[in-house]
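Given next are the chains, with one letter for each unit.
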Amino acid sequence: MLLLKSSLVVIVILALTGSFWWTLSISTSSRGHIFHSSRRLQEQLVSDLWDIGELSFGTSRMKEIEFCPGELENYIPCFNVSENLDSGFSDGNEYDRVCRQGSRQNCLVLPPMNYKIPLRWPTGRDIIWVANVKITGQEVFTSGSLTKRMMMLEEEQISFRSASLMFDGVEDYSHQIAEMIGLRNESNFIQAGIRTILDIGCGYGSFGAHLFSEQILTICIANYESSGSQVQLTLERGLPAMIGSFSSKQLPYPSLSFDLLHCARCGIDWDKKDGTFLIEVDRVLRPGGYFVWTSPLINVQSSRRNKEKQKRWNFVRDFAENLCWELMSQQDETVVWKKTSKKTCYNSRKSGSGPSICSKVQDVEFPYYRPLQNCIGGMHSRRWVPIEERATWPSRSNLNRSELALYGLHLDELNEDTANYRIIVRNYWSLLSPLIFSDHPKRPGDEDPSPPYNMLRNVLDMNARYGGLNAALLEARKSVWVMNVVPTTGPKYLPLILDRGYFGVLHDWCEAFPTYPRTYDMVHAEGLLSLESSQHWRCTMVDIFTEIDRMLRPEGWIIIRDTALLIDSARVLTRRLKWEARVIEIESNNDERLLICQKPFFKRQPS
């Protein structure tokens, strides 16, 4: 047996060497397109050789990954309420994100029994399939957030369209907020410097859905929910969302990340824990940015009749003043504060009148679920620029030399990255268009979308670097939004991405991403495998790929760009994941390859 294994290894080495020289000779003689896929014989040879290599190490590595049990159809690793309760978590902290060793299950999460592919955007924004989300009709009808549209539950669908053409609560509410800020209406948000909004406890995302037409990027965060999830429904509508909690940890965003934070009956008691939740709002809010809070607690008449409510409202109002927030307006149950953009406020505060200014040790630029702080950042950061002094969108995405210098970048580097991704996106679209519209027949009632051919709605970029993929997709007028993820193990360019007017988050890919299954239409990873291998593989490629499978919708796409050796290893793994995969070589770089995969739609069988 030992002699047999040794012989197989020698055969693999000799054959791969011959294959390498053959590849080199073909590549150097090829001309024309940047991508070409005329190497099927070579792909098959390499694949077969890897199979031989796998067999030489035993049959266990060739075994297909099994499907998860049916009860895990909404499974999110790191959010195990029962384990947290057993560990002593309580008072809401049992819903916190806790990534324990071995909490991940390497199995493939199946969709619900009657799952259907979501309707294409923009139809899918307003109509979703009931079976795709974990919510009941009763939960739909009893939801009471001011930012939720009137929802009509039909036999198989939930409609978020307003029931009345004469009245739309979301439009009126958005208009009210604009007027309280001092604007004519919400279409003036961009001119006032507001591009990115963090919507806390967003209901079902209708506030962000309404503002999308005004080029406002609204990201929903809400606590983990075992049923009736706000985040799951918002994502199903094709709107940005992720699980995020104010309960005990800082959010995985840098300081000074958002232009406006919004909370409409979001379920957070801002007066609790000595105001530390409000300190976290102050940390992620840009100078000159706004905090909008809608709550029955703010109602003056109601508070006068209830001393406890009045006491709680007074605490929040006074604490906000000590944070150097200006109370701009108060109407009915809504209040708007503006974070100061002046140095004088911090210097003029009375000693002991509010939270202290953090030291540089406490004010960390890249918090990754650190405990909440009881001090404020003040003006330490070099990124302290009031929103009214920043370029308005879309000019904001093109940072100048002095702005780029804050991140240690030269303008030439960003321009080169932008030019590269223009070509990359054009070629991705050229590759995917025939696959989506030819290889897979249109579903009944699903017409080809008119230009700009909105085949995809949301994309997860696992190694976003400067946000180049996001920029190129928008420049090409693709109606998509991108979750730009900056790995904790890589260069920390997340502040750059956020300052360009995109959305992004810090994440460790050896842990589960804080989202529900079947979240994204496409997952993109350029150089991620190389990055993880440089860290001596803290987790396996199987761990990373099963997480991709969990996040990806059935019939969704995966594009991985990396070195030839890593792509060949990944290609073998796709068989275990049951993905349909093809390797495409990049003529401009013989050492890199593309792996394009599609996740099949496996229907769960009745038990």
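Heads up: these notes are all about the structure in this document. In every chain, residue numbers begin from 1 and rise along the written sequence. Restriction of local features to residues with pLDDT of at least 70 applies here, the model being predicted, together with a cutoff of 80 or more for giving and counting side-chain atom pairs; totals for whole chains, interfaces and linings are based on all residues. No hydrogens and no water enter the side-chain calculation; it runs on all heavy atoms of the structure.

### Let's talk about the state of the cysteines
By definition, disulfides here are pairs of cysteine sulfur atoms that lie within 2.5 Å. Using the criterion set out here, one finds 7 disulfides in the structure. Two residues, Cys-68 and Cys-107, share a disulfide whose sulfurs are 1.9 Å apart. Handedness of the Cys-68-Cys-107 disulfide follows from its S-S torsion of about 95°: it is right-handed. With Cys-68 in the loop between helix 2 (40–56) and helix 3 (81–86) and Cys-107 in the loop between helix 3 and helix 4 (123–126), this pair connects stretches of sequence that are 39 residues apart. Like Cys-107, Cys-68 is buried. Going along the chain from the N terminus, every DSSP run of H or I of four or more residues is numbered as a helix, and every run of E of two or more is numbered as a strand. Classification of residues uses two cut-offs on accessible area relative to the type maximum, computed with a 1.4 Å probe and protein chains only: under 20% is buried, over 50% is exposed, and between them is partly exposed.

### Section: the environment of Leu-498
When you line up the elements, Leu-498 lands in helix 16 (residues 494–499). For Leu-498 and Gly-467, which are 31 residues apart along the polypeptide, the C-alpha to C-alpha distance reads 9.0 Å.

### Some points on the packing of aromatic side chains
One pair of aromatic rings is described through two measures. These are the centre distance and the angle between the planes. Pairing of aromatic rings covers Phe, Tyr and Trp, the last counted by its six-membered ring, and requires centre-to-centre distances within 6.5 Å; plane angles under 30 degrees mean stacked, over 60 mean edge-to-face, and any other angle means tilted. Applying the stated rule across the entire model yields 25 aromatic pairs. Taking 6.3 Å as the distance between ring centres and 10° as the angle between the ring planes, the aromatic pair formed by Tyr-224 and Tyr-516 counts as stacked. Of this pair, Tyr-224 sits in the loop between strand 6 (217–222) and helix 8 (230–236) while Tyr-516 is found in the loop between strand 14 (504–507) and strand 15 (520–526), placing the two residues 292 residues apart along the sequence. The exposure class of Tyr-224 is buried, given its relative accessible area of 13%. What makes Tyr-516 buried here is its relative accessible area of 2%. Residues Phe-315 and Phe-319 carry aromatic rings whose centres are separated by 5.6 Å and whose planes lie at 25° to one another, so their mutual orientation is stacked. Placement of the pair is Phe-315 and Phe-319 together in helix 11 (residues 307–322), with a separation of 4 residues, close to one helical turn. One aromatic cluster is present, formed by Phe-246, Trp-270, Phe-291, Trp-293, Trp-313, Trp-325 and Trp-337 through successive ring pairs. When the NZ atom of lysine or the CZ atom of arginine is within 6 Å of a ring's centre and also within 35 degrees of its normal, the charge is said to sit over that ring. The residue whose ring lies beneath Arg-195 is Trp-393, and the NZ or CZ to ring-centre distance is 3.6 Å.

None of the figures reported here should be taken as evidence of function without further support.
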